[in-house]
Amino acid sequence: MAKTRKRTDVLKLASISVVDSPAQDNAVATMIVKRRLTADEVAKAAEKLDAEDAGDGGRDEASEGEAPLTEADQKALHSHYAQMAAQHAQDASYHAASGRLDQSAASTKLAQQAHRSAKRVLAMPIAKRDFTQDQRDAAAKTGAAMPDGSFPIANSGDLHNAMRAIGRANDPEAVKAHIRSRAKALGLESELSDAFKKSNDAGDGATHGDDAMPLTEAQVIELQKKNVELEKSLARAQRLAEMTDAEKDYAKTLLESERESFVNAESTARVAAVRKAREADSVVYTCKATGKEFRKSSDPDAVAMAKALDESNERTAKAELESENVAFAKRAADLPNLPGTVDEKVVLLKTVEGRMKPDAKQADRNAQILKAASQALAPAFQRAGTTGGADLSKAGGFAVDKVAELAKDYAKTHSVTIEVAKSRVLKTPEGQRLYKEYEDEKRAALAS
Amino acid sequence: MPESVLSTFSTICKVDRELGIVIGYGIVCKERDASGVLRPYFDHDRDGPENITERGMVGAAADFAQSERVMGFMHEDEPAAVAKREINRGTVVWMMPMTESIAKSLGMTIQRSGLIIGVKPSDPSILAKFESGELKGFSIRGARVEGDEQPLEADPNSDDWQRVRYVAAGAA
């Protein structure tokens, strides 16, 4: 089939595959691999930075080695740390918003470290410009450098580098004089720092400070602006990390502009705002079934559902109670001789079976019913008299006492209970004799 | 209707490892030329250069979005098994048809129009292959239903196109 050029405007897709060899000739695959640190990586990095801070007073990568930087390196390094700080601050916000406060705090700490490093880079010395030996020799001949070719000064940058490098001079006063001379020759006296304007001042103070920075004013302003932005970003990340769950929930209910000012507010103001909002948004209903509180701002449908659930539960409970009472009422009908109404008997039965806990009044009534029943039964247990009229209470008294006395001794001797001792004594010949004596006396009493 | 590898495109814009999603153009319809004009993009299909029009892309994307949104791997697997999810390499989780007019209405300037997708491989090793650069792009599998054809020697900007209905023409 001859190849044709096709223009497809109706097609059906079955799948989209990932492939290694795209057909598009000029397709340049642009891959940006953006990866957040894992919790472990964040923790390890924070730990390392903590150790560095504790070990050498905050010395970090930016200040490792005393080799001065080139101007370009300084800018690149500052940019590196500034970006790192921004990324960590962004991570901190991300983790905070996701409720991972530990990771957010760790990222915030990393952001702070990077931010400090970025600031430190700005204060680092800048490397002197590279001169070949020929250039140095030529400069020495013209007086642009010291006689040995050191401290060549051909422009403003060289002048600042020379001022910073004064600490390395073998003869500081001679070098300072050279620097002043070159500044004058180049019309750069205004750029001399205070330490170089007076011939008898020590020069090592010139190795630090903003006046030693060879950046242009515009560059410095730009870097400072970036620092301010970073500080703001960091502060925001810290506030997000510090926010409580209640504050985060409240923030979600706000408009974008309101949310930003809420996040930027002080902690006390945020707490007050949340409290005020909660007070204004009072509880309108508490679900009896779930205990959940519904506020004015709650979804009306959700409140209605909660109420419906409670009403349904109440109806069910009421129906079950009525059904149960009917069953107990039937059983109460089987107790016609008990005083009290059917309802009172139902309460009594349910109390006895543990189906309800009576209140004080019901408990009193239960006691009254039982007491009345007891009184009604009392005549049935009264002693009507004895057969033959004989008093048997004292018959065999000696034998009984004697058995008791023997049992007491036996119990003491054999360390057994009095009941065990009595049964054993009654099995002995003496015991048998005493028992016969008791029986005889009782029979005699009945016969008399 | 036979399914075949229709076209292969590649522009991976981003790999988000945390989400496990690779984002890029699944279909490219137009590309901006040197003069800054968006022109139909013809890929190098083995049957000849092919362009999927924005209209075709939008319609296919709408259908595909309502299907299983199957992500394949190197077109290695049996299409039927993939379609039935007997083999699950991943899912096309995001789809946005970005036509010239949509971009304009959204106030966006685009270098190419087409179908922007986000695929989520089910196997982390596939994601790692993107990160390592082993995998570079996307390729669609499906069936042409209707379109235009012209001889290779014809001018693509001319009206010398012949309408083709692939089903009616017996392509099925």
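Rules and cut-offs
- Residues numbered from 1 in each chain as written.
- Chains lettered and ligands numbered in written order.
- Predicted model: local features only at pLDDT ≥ 70, side-chain atom pairs only at ≥ 80, totals over all residues.
- Heavy atoms only, no water.
- Helix = DSSP H or I, 4+ residues; strand = E, 2+ residues; numbered from the N terminus.
- Buried < 20%, exposed > 50% of the residue type's maximum accessible area, 1.4 Å probe, protein only.
- Contact = heavy atoms within 4.5 Å.
- Areas by Shrake-Rupley, 256 points an atom, 1.4 Å probe, with all protein chains shown as cover.
- pLDDT = per-residue confidence, 0-100.
- Axes fitted to C-alpha atoms, helices over the stretch in contact; angles between N-to-C directions.
- Parallel < 35°, antiparallel > 145°, perpendicular 65-115°, else oblique.
- Left-handed = near helix turned anticlockwise from the far one by under 90°.
- Nonpolar A, V, L, I, M, F, W, Y, C, P; charged D, E, K, R; others polar.
- Core = buried A, V, L, I, M, F, W, Y, C linked by side-chain atoms within 4.5 Å.
- Salt bridge = Lys/Arg side-chain N within 4 Å of Asp/Glu carboxyl O.
- Patch = residues over 30% accessible without salt bridge, like charges linked within 9 Å, V, L, I, M, F, W, Y side chains within 5 Å.
- Pairing = 2+ DSSP bridges.
- Expected span 1.5 Å × (residues − 1).
- Arc of directions from axis to C-beta.

Visitor: Even after reading the chapter, I still don't get the overall build of chain A, so can you show me in this structure?
Guide: If you tally the helices and strands in chain A, you get 17 helices and 4 strands. Here chain A holds 448 residues, and the buried ones make up 31% of them. For chain A, restricting intrachain contacts to residue pairs at least 6 apart in sequence, the fraction spanning at least 24 positions comes to 54%. Total accessible area on chain A is roughly 27,900 Å²; 54% of this is exposed by carbon and sulfur atoms.

Visitor: Help me understand the overall build of chain B in this model?
Guide: From N to C terminus, chain B includes 4 helices and 11 strands. Counting the 172 residues in chain B, one finds 46% classified as buried. Long-range pairs, those at least 24 residues apart, make up 59% of the contacts in chain B with a sequence separation of at least 6. Roughly 8,300 Å² of accessible area belongs to chain B as shown, and the carbon and sulfur atoms make up 50% of that amount.

Visitor: Help me out: how do you make sense of the environment of Lys14 of chain B in this one?
Guide: Residues and elements named next belong to chain B. Residue position: Lys14 is located in strand 2 (residues 12–16). What makes Lys14 partly exposed here is its relative accessible area of 28%. Expressed as a C-alpha distance, the spacing of Lys14 and Gly118, which sit 104 residues apart in the sequence, is 9.2 Å.

Visitor: Just checking my understanding: could you explain unusual backbone geometry for this structure?
Guide: Peptide bonds are mostly trans, and most non-glycine residues show a negative phi. A positive phi angle, close to 50°, is found at Phe151 of chain A, a residue other than glycine. The residue Phe151 of chain A is located in the loop between helix 4 (133–142) and helix 5 (156–164) in this model. Its identity as a non-glycine residue notwithstanding, Arg69 of chain B has a phi of 55°, on the positive side. Structurally, Arg69 of chain B can be placed in the loop between helix 1 (54–65) and strand 7 (71–73). Residue classification places Arg69 of chain B among the partly exposed residues on the basis of a relative accessible area of 29%.

Visitor: Please explain the confidence of the model for chain A as it appears in this structure.
Guide: Parts of the prediction with low pLDDT should not have their coordinates interpreted in detail. Residue and element names in this part refer to chain A. Overall, the predicted model of chain A reaches an average pLDDT of 75, with 75% of residues at or above 70. Scored below 50 in pLDDT, residues 24–37 makes 40 contacts in the model with residues more than four places away or belonging to other chains. Segment residues 55–67: pLDDT under 50, and 20 contacts once partners within four positions in sequence are set aside and those in other chains are kept.

Visitor: What is the right way to read the packing of helix 15 (residues 397–414) of chain A against helix 17 (residues 429–447) of chain A from this model?
Guide: Pairs of packed helices are described in terms of their axes, by the angle between the two and the distance that separates them. Residues and elements named next belong to chain A. Put simply, helix 15 and helix 17 touch, their axes get as near as 8 Å, and they point 155° apart. Classified by the angle their axes make, helix 15 and helix 17 are roughly antiparallel. Relative to helix 17, helix 15 is oriented so that their crossing is left-handed. Together, Gly397, Phe398, Ala399, Val400, Lys402, Val403 and Leu406 of helix 15 and Glu430, Leu434, Glu437, Tyr438 and Glu441 of helix 17 make up the contact between the two elements. Tallied by class, residues from the contact of helix 15 with helix 17 come to 7 nonpolar, 1 polar and 4 charged.

Visitor: Just to check I follow, could you spell out the nonpolar core for this structure?
Guide: Counting residues in hydrophobic clusters, the biggest one holds 25 residues, and the most contacted among them are Ile16 and Val18 of chain A together with Ile27, Val119, Phe130 and Phe138 of chain B. Formed by 16 residues, the second largest nonpolar core is a distinct cluster that contains Ile166, Val175, Ile179 and Phe196 of chain A.

Visitor: Can you help me understand the pattern of salt bridges in this one?
Guide: Scanning all chains against the criterion turns up 23 salt bridges over all chains. A salt bridge links Glu439 of chain A to Arg443 of chain A; the shortest N-O distance between them is 3.6 Å. In this pair, Glu439 of chain A and Arg443 of chain A both sit in helix 17, 4 residues apart, roughly one turn of the helix. Taken together, the shared-partner salt bridges in this structure form one network comprising Arg7 and Asp9 of chain A together with Arg55, Glu146, Asp148, Arg163 and Arg165 of chain B.

Visitor: How should I be thinking about a nonpolar patch on the surface in this particular structure?
Guide: Where nonpolar side chains cluster on the molecular surface, the patch consists of Met96, Leu106 and Met108 of chain B and spans about 270 Å² of accessible area. Considering the arrangement of structural elements, one finds Met96 of chain B in strand 8 (residues 90–98).

Visitor: Could you clarify how one ought to interpret the side chain of Ser113 of chain B in this entry?
Guide: Residues and elements named next belong to chain B. Along the chain, Ser113 falls in strand 9 (residues 112–121). Look at Ser113 and you get buried, because its relative accessible area is 0%. If near-sequence neighbours (up to four positions away) are discounted, Ser113 is found in contact with Tyr25, Ile27, Val28, Cys29, Lys30, Glu54, Met98, Thr99 and Glu100.

Visitor: Help me understand the pairing of strand 9 of chain B, please; the structure alone is not making it clear to me.
Guide: Consecutive side chains of a regular strand alternate in pointing toward one face of the sheet and then the other. Residues and elements named next belong to chain B. Taken across its 10 residues, strand 9 has 7 buried, putting it largely inside the fold. Across 8 bridges, the pairing between strand 3 (residues 21–32) and strand 9 is antiparallel. Bridge pairing links Glu31 to Arg112 in strand 9. Pairing of strand 8 with strand 9 involves 8 bridges; the strand directions are antiparallel. Bridged to Met98 within strand 9 is Gly114.

Visitor: Would you explain helix 17 of chain A in this entry?
Guide: Residues that lie three or four places apart on an α-helix share one face, since the helix turns once every 3.6 residues. Residue and element names in this part refer to chain A. For helix 17, which comprises 19 residues, the first-to-last C-alpha distance of 27 Å matches the rise-based estimate of 27 Å (1.5 Å per residue) to within 8%. If you check which residues of helix 17 are buried, you get Gly431, Leu434, Glu439 and Ala445. One side of helix 17 carries all its buried residues, which in axial view fall inside an arc of 140°. Facing away from the buried side of helix 17 by over 90 degrees, the exposed positions are Pro429, Lys436 and Ala447. Buried residues belonging to helix 17 abut helix 15 and helix 16 (418–425).

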